[in-house]
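Next come the chains, spelled out residue by residue.
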Amino acid sequence: MATAHETPVLDTIAAMTIDSIEHCHMDERTLILSRIAALVAMDAPAISYLAHINPAIKAEFTVDQLQDLLVAIAPVVGTARVMSAAGHIAQAFGVALDLADSEAEAIAQAEADSRTAS
């Protein structure tokens, strides 16, 4: 019998992503570009872009390169989808920054607590 997980949907998505990456022979940058372009084409919500922020940063993508991607696919997917994607990407970056700030605060608090406990 399968064990119950607290996040079965996220676990499934993570497993699918890992399988996809393992079976794909694209370089990291091309893979990220392809995935972001697919998200734009599907008019994906901000949360879908959130999973691609860290890989894009690790692949050293710049804002200009992401804008170039949107410009390149605009004639195919349409201006409404591109504008929607730009907003969703901005939202995802905001959430990522908020999460990073929260994590930094939690680490700082844990360090402060460990110093006072000593």
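Structure: see above.
What you see is a predicted model; the values in this text were computed from it and never measured. All chains use their own residue numbering, which begins from 1 and follows the written sequence. Only residues with pLDDT of 70 or above have their local features reported here, since the model is predicted, and side-chain atom pairs are shown and tallied only from 80 upward, although totals for entire chains, interfaces and linings are computed over all residues. Hydrogens and water are ignored here; the side-chain numbers use all heavy atoms of the structure.

Asks: How should the packing of aromatic side chains be read in this particular structure?
Replies: Here a ring pair, both rings aromatic, is described through the centre-centre distance and the interplanar angle of the planes. Any Phe, Tyr or Trp ring, taking Trp's six-membered ring, that has another such ring centre within 6.5 Å forms a pair; planes under 30 degrees apart are called stacked, those over 60 apart edge-to-face, and the others tilted. For the structure shown, the criterion picks out zero aromatic pairs. For R29, the ring lying beneath its charged end belongs to F61, and the centroid distance is 4.2 Å. A positively charged side chain is recorded as over a ring if its NZ (Lys) or CZ (Arg) lies within 6 Å of the ring centre. The angle to the ring normal must also be within 35 degrees.

Asks: Just to check I follow, could you spell out helix α5 (residues 79-117) for this structure?
Replies: Because each turn of an α-helix spans 3.6 residues, side chains separated by three or four positions end up pointing in the same direction. Compared with the 57 Å implied by 1.5 Å per residue over 39 residues, the 57 Å span of α5 between its first and last C-alpha is a close match. When we look at burial in α5, the residues that qualify are V82, A85, H88, I89 and A92. Any two residues whose heavy atoms approach within 4.5 Å at even a single point are treated as in contact. Secondary structure elements follow DSSP: runs of H or I of four or more residues count as helices, runs of E of two or more count as strands, with numbering from the N terminus. Summarising the contacts, the buried residues of α5 are in contact with α2 (28-41), α3 (46-58) and α4 (63-77). For a helix, the expected span equals 1.5 Å multiplied by the residue count minus one. Only protein chains enter the accessibility calculation, which uses a 1.4 Å probe; a residue is then buried when its area is under 20% of its type maximum, exposed when over 50%, and partly exposed in between.

Asks: Can you help me understand a nonpolar patch on the surface in this one?
Replies: Here the term patch refers to residues with relative accessible area over 30% and no salt bridge, with like charges joined within 9 Å and nonpolar side chains (Val, Leu, Ile, Met, Phe, Trp, Tyr) within 5 Å. Residue-level accessible areas treat just the shown protein chains as cover; the underlying method is Shrake-Rupley with a 1.4 Å probe. A pairing counts as a salt bridge when a side-chain nitrogen of Lys or Arg comes within 4 Å of a carboxyl oxygen of Asp or Glu. Taken together, the side chains of V9, L10 and I13 present a nonpolar region at the surface, about 300 Å² in accessible area. As for its position among the elements, I13 is in helix α1 (residues 8-23). Its relative accessible area of 43% is what places I13 among the partly exposed residues.

Asks: How should the environment of Q67 be read in this particular structure?
Replies: Following the sequence through the fold, Q67 ends up in helix α4. Spatially, the C-alpha atoms of Q67 and R115 are 45 Å apart, while their sequence positions differ by 48 residues.

Asks: Looking at this structure, I do not really get the packing of α3 against α5. What am I missing?
Replies: Relative placement of two packed helices is described by the angle separating their axes and the distance separating the axes. Look at α3 against α5: their axes get within 8 Å of each other, and the N-to-C directions meet at 60°. By the angle between their directions, the pair α3 and α5 is classed as oblique. Handedness of the α3/α5 crossing: right-handed. Together, A46, Y49, L50 and I53 of α3 and A85, H88, I89, Q91, A92, F93, V95, A96 and L99 of α5 make up the contact between the two elements. Here the nonpolar group is Ala, Val, Leu, Ile, Met, Phe, Trp, Tyr, Cys and Pro; Asp, Glu, Lys and Arg are the charged ones; every other residue, Gly included, is treated as polar. Classifying every residue of the contact of α3 with α5 gives eleven nonpolar, two polar and no charged. Angles run from 0 to 180 degrees between N-to-C directions of axes, and those axes are lines fitted to C-alpha atoms, restricted for helices to the stretch in contact. An angle below 35 degrees is read as roughly parallel, one above 145 as roughly antiparallel, one from 65 to 115 as roughly perpendicular, and any other as oblique. Here a crossing is taken to be left-handed if its near helix is turned anticlockwise relative to the far helix by less than a right angle, and right-handed if that turn runs clockwise.

Asks: Help me understand the environment of V9, please; the structure alone is not making it clear to me.
Replies: In this structure, V9 sits in helix α1. Of the residues examined, V9 reaches a relative accessible area of 58% and is grouped as exposed. For V9 and Q109, which are 100 residues apart along the polypeptide, the C-alpha to C-alpha distance reads 31 Å.

Asks: I tried to follow the side chain of H52 on my own but got confused; where do I start?
Replies: Locating H52 in the fold gives a position in helix α3. Residue classification places H52 among the buried positions, given a relative accessible area of 14%. Non-local contacts of H52, meaning those with residues more than four positions away in its chain, are made with R35, I36 and L39.

Asks: How should α3 be read in this particular structure?
Replies: With 13 residues, α3 should cover 18 Å at 1.5 Å per step; its first-to-last C-alpha distance of 19 Å lies within 8% of that length. Considering bend angle alone, the principal kink of α3 is centred on H52 and spans about 35°; proline P55 follows within four residues of it. Every buried residue belonging to α3 is among A46, Y49, H52, I53 and A56, and all of these are buried. Contacts from the buried residues of α3 go to α2 and α5. E60 occupies a position one or two residues after α3 and carries a positive phi of about 65°. Two axes define the bend at a residue: one fitted to the seven residues ending there, one fitted to the seven starting there, and the bend is the angle between them.

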